[in-house]
Amino acid sequence: MLSRRLILIARGRALRADPALVSKGWKLAGAYAQRASFHSTNLLQAETVKVPQMAESISEGTLKTWLKQPGDVVQADEEVATIETDKIDVSVNAPAAGRITEHLAAEEDTVSVGQDLFRFEPGAADEGAPKEQKSSEEGKEVKETKDTTEPADQQVDKKTPPPPSPKPEEVRKKDDAGVQEGKEKKELKESSKPAKDKPSSKEQPAPAPRVPGSRNETRVKMSRMRLRIAERLKESQNAAAALTTFNEIDMSSVMELRKKYKDEVLKEHGVKLGFMSAFAKASCLALKEIPAANASIEGDEIVYRDFVDLSVAVATPKGLVTPVLRNAEGLNFVEIEKEIAGLGKKARDGKLTLEDMAGGTFTISNGGVFGSLYGTPIINLPQAAVLGMHAIKDRAVVVDGQIVVRPIMVVALTYDHRLLDGREAVTFLVKVKEYLEDPRKMLLAA
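From a predicted model like this one, the values you see are computed outputs, not experimental measurements. Sequence order sets the numbering: in each chain, residues are counted from 1 along the sequence as written. Where local features are concerned, this predicted model is filtered to residues with pLDDT of at least 70; where side-chain atom pairs are given and counted, the filter is 80 or more; whole-chain, interface and lining totals use all residues. Computation of side-chain values: all heavy atoms of the structure, hydrogens and water removed.

> Outline the overall build of the chain, supporting the account with residue identities and numerical values.
Per the secondary structure count, the chain includes 11 helices and 19 strands. Note on contacts: a residue pair qualifies if any of its non-hydrogen atoms lie within 4.5 Å across the two residues. In the chain, the share of contacts with a sequence separation of at least 24, taken over all contacts with a separation of at least 6, comes to 64%. Values of accessible area rely on a 1.4 Å probe in the Shrake-Rupley scheme; residue burial ignores everything except the protein chains shown. With the model as given, the accessible surface of the chain reaches about 29,100 Å², and the carbon-plus-sulfur share is 52%. Put simply, DSSP H or I for four residues or longer makes a helix, DSSP E for two residues or longer makes a strand, and each gets a number counted from the N terminus.

Below, the structure written as structure tokens:
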């Protein structure tokens, strides 16, 4: 705040003002007026940002996180908040550079498309740093001026002599009197203390024994995505006539292929050669021979497709998602690995869009990366089947009448018995086994 003297100087009512002080007063007053003008302009330009359109099928979501707080400076298109839906996370970005002024919703609130979300002042981002510097300089000037313009009745006259010091004899008498008085107070305090109570003869009750370990419970609200996943899985169990068939695959040939070419592929294409590309290619070829495994039921009709949109199950901190490789039947090993790597990164970073997960005609789930030996995957409706991969373990098997050790993977195919009969499901899994145990057959397949 401006001191009273500066205000008088600004009004021209201080008749004996120092010219230098008058100039400084006008400078400070001008700075305050400039700041007031700046704020009034921004108030006129304040904008309200609404919840954006998320997708045709999504009308609301949960406001999970405010990444910017009121008073924070943001740049154009910088993320301000995250809205969680039952399928994806939607980022709300600043429409322009500015400063956040107010939140209109709290975290964990349910927000609808078009609802007011926050207010901000455009154009404040570039002026944030200079403003802070100006305010610090102005603070110093105000403090300086306050010291020099202190009222006369509050200033100490440095010419006034200090009071006379007491004589040594008077100081000695006062000290002796204080010591005597302290001794008397100490004796009186000791004599007035009550006698200490004797310990009671009765024993105190023993404390209750502690229960080892913790018995705390924590309740956490389910996220929208987790609720949606639970709903879809239960819907699949209730709707599909699910049945699972198993088989064993000798992974020696695929592992040899990978070992021989993985360094070359990494050097030339910048992507690691894994097992997923081999399983994806083998599945696409088997789906051509067993088209019912790539079909779906819509009403009272069966829809057959001549393309394969391959859903790949990816585990994320928020739950299992299944991004889709479009037209996987036309991709080679390297192209499949590149697509899977890109979709996996987007899934882990929470950047998947609805377009990345929409559709899908067949699913591959790899529980082997977590060490699973056996499992029965759940069908991703409205698809007809899902292929489950598992861990590779060395096992003793019989080859040409000899017991040898081979790397074996157990694979599982869960299929909808409304679409596929047992013959077709088993044939599909045997075809996948044949392609993987001799990858050269993939080159000869039509």
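> Requested: an account of the layout of surface pockets, with residues and values cited.
Buriedness of a pocket was judged along seven lines, with at least five required to meet protein on both sides within 12 Å; pockets are open sets of points on a 1 Å grid over the protein atoms alone, cavities are sets where a 1.4 Å probe fits but cannot get out, and lining residues have an atom within 4 Å of a point. Grid points are joined across faces, edges and corners, and a volume is the space filled by probe spheres set on the points. By volume, the second largest pocket is sized at about 610 Å³. In this structure, the second largest pocket is lined by 19 residues; those nearest its centre are L257, Y261, F333, P439 and L443. Elements with a minimum of two residues in the lining of the second largest pocket: α6 (252–269), α8 (333–348) and α11 (440–444). Examining the composition of the lining of the second largest pocket, we find that 9 residues originate from one element, α6, more than from any other. Across the lining of the second largest pocket, the residue classes break down as 9 nonpolar, 3 polar and 7 charged. Side-chain classes follow a simple rule in which Ala, Val, Leu, Ile, Met, Phe, Trp, Tyr, Cys and Pro form the nonpolar group, Asp, Glu, Lys and Arg form the charged group, and the remainder, Gly included, forms the polar group.

> An account of empty space enclosed by the protein is requested, with residue identities and associated values reported.
For the structure shown, the criterion picks out 1 cavity of 30 Å³ or more. Of the volumes computed, that of the largest cavity is approximately 40 Å³. Taken together, V254, L257, R258, L273, G274, S277, A278 and F333 form the lining of the largest cavity. Sorting the residues of the lining of the largest cavity by element identifies α6 and α7 (276–289) as the ones contributing at least two each. Per-element accounting of the lining of the largest cavity gives the leading share, 3 residues, to α6. Here the residues of the lining of the largest cavity are counted per class, giving 5 nonpolar, 2 polar and 1 charged.

> Please give an account of the sheet that holds strand β2 (residues 60–66) that cites residues and values.
Whether two strands pair comes down to DSSP finding at least two bridges between them. What the 4 strands build is an open sheet, ordered β5-β4-β2-β7; its pairing is antiparallel. Either end of the sheet is taken by a strand with one partner, and the two such strands are β5 (89–93) and β7 (110–112). Sheet twist, expressed as the average angle between the axes of neighbouring strands with direction ignored, equals 45 degrees. To get an axis, a line is fitted to the C-alpha atoms, and for a helix only the part in contact is used. The angle between two axes follows their N-to-C directions and goes from 0 to 180 degrees. Running over the sheet, helix α5 (residues 224–239) touches β2, β4 (79–84) and β7 and is turned about 140 degrees from β2.

> Account for the pattern of salt bridges, naming residues and giving values.
Each reported salt bridge corresponds to a side-chain nitrogen of Lys or Arg within 4 Å of a carboxyl oxygen of Asp or Glu. In total, this model carries 15 salt bridges according to the counting rule given. Here K50 makes a salt bridge to D116, at a shortest N to O gap of 2.5 Å. Taken together, the positions of K50 in strand β1 (residues 47–50) and D116 in strand β8 (residues 116–122) put the pair 66 residues apart, joining distant regions of the chain. For every residue, the accessible area (1.4 Å probe, protein chains only) is compared with the maximum for its type, and the residue is labelled buried under 20%, exposed over 50%, or partly exposed between those bounds. Here K50 falls in the partly exposed class, since its relative accessible area comes to 44%.

> Requested: an account of the nonpolar core, with residues and values cited.
Soluble globular proteins tend to bury their nonpolar side chains together. In these notes, a set of buried Ala, Val, Leu, Ile, Met, Phe, Trp, Tyr and Cys residues joined through side-chain atoms within 4.5 Å is what counts as a nonpolar core. By size, the foremost hydrophobic cluster in this structure holds 71 residues, and its most contacted members are L117, F118, F279, L325, F362, F428 and L436. Top contributing element to this core by residue count: α7, with 9 residues.

> Tell me about the pairing of strand β19 (residues 402–416), residues and numbers included.
As paired elements, strand β9 (residues 242–250) and β19 share 9 bridges and run antiparallel to each other. Bridge assignment links F246 to a residue of β19, and that residue is A412. Bridge count between strand β17 (residues 385–389) and β19: 4 bridges; the pairing is antiparallel. Across the sheet, residue A385 finds its bridge partner in β19, namely Y415.

> Please provide a residue-by-residue account of the confidence of the model for the chain, values included.
Taken as a whole, the chain shows an average pLDDT of 79; of its residues, 70% reach a score of 70 or greater. Predicted confidence is poor over residues 32–44, with pLDDT under 50, and the contacts of this stretch with residues over four places away or in other chains come to 12 contacts. Known as pLDDT, the predictor's confidence for each residue is given on a scale from 0 to 100. Note that pLDDT drops below 50 for residues 145–160; the model gives that stretch 9 contacts with residues more than four away or on any other chain.

> Describe the environment of D89, and please don't skip the residues or the numbers.
Here D89 is to be found in strand β5. Between the C-alpha atoms of D89 and L354, which are 265 residues apart in sequence, the distance is 9.8 Å.

> Could you give an account of the packing of α7 against helix α10 (residues 422–437), with specific residues and numbers?
When two helices pack together, their arrangement is given by the angle between the helix axes and the distance between those axes. Put simply, α7 and α10 touch, their axes get as near as 9 Å, and they point 135 degrees apart. By the angle between their directions, the pair α7 and α10 is classed as oblique. Where α7 crosses over α10, the two elements pack in a sense that is right-handed. Only F428, K431, V432, Y435 and L436 of α10 make contact with α7, whose side of the interface consists of A278, F279, A282, S283, L285, A286, L287 and E289. Looking at the contact of α7 with α10 residue by residue, the classes come out as 10 nonpolar, 1 polar and 2 charged. Roughly parallel covers angles under 35 degrees, roughly antiparallel covers those over 145, roughly perpendicular covers 65 to 115, and oblique covers all other angles. Each crossing gets its hand from how the near helix is turned against the far one by less than a right angle, where anticlockwise is left-handed and clockwise is right-handed.

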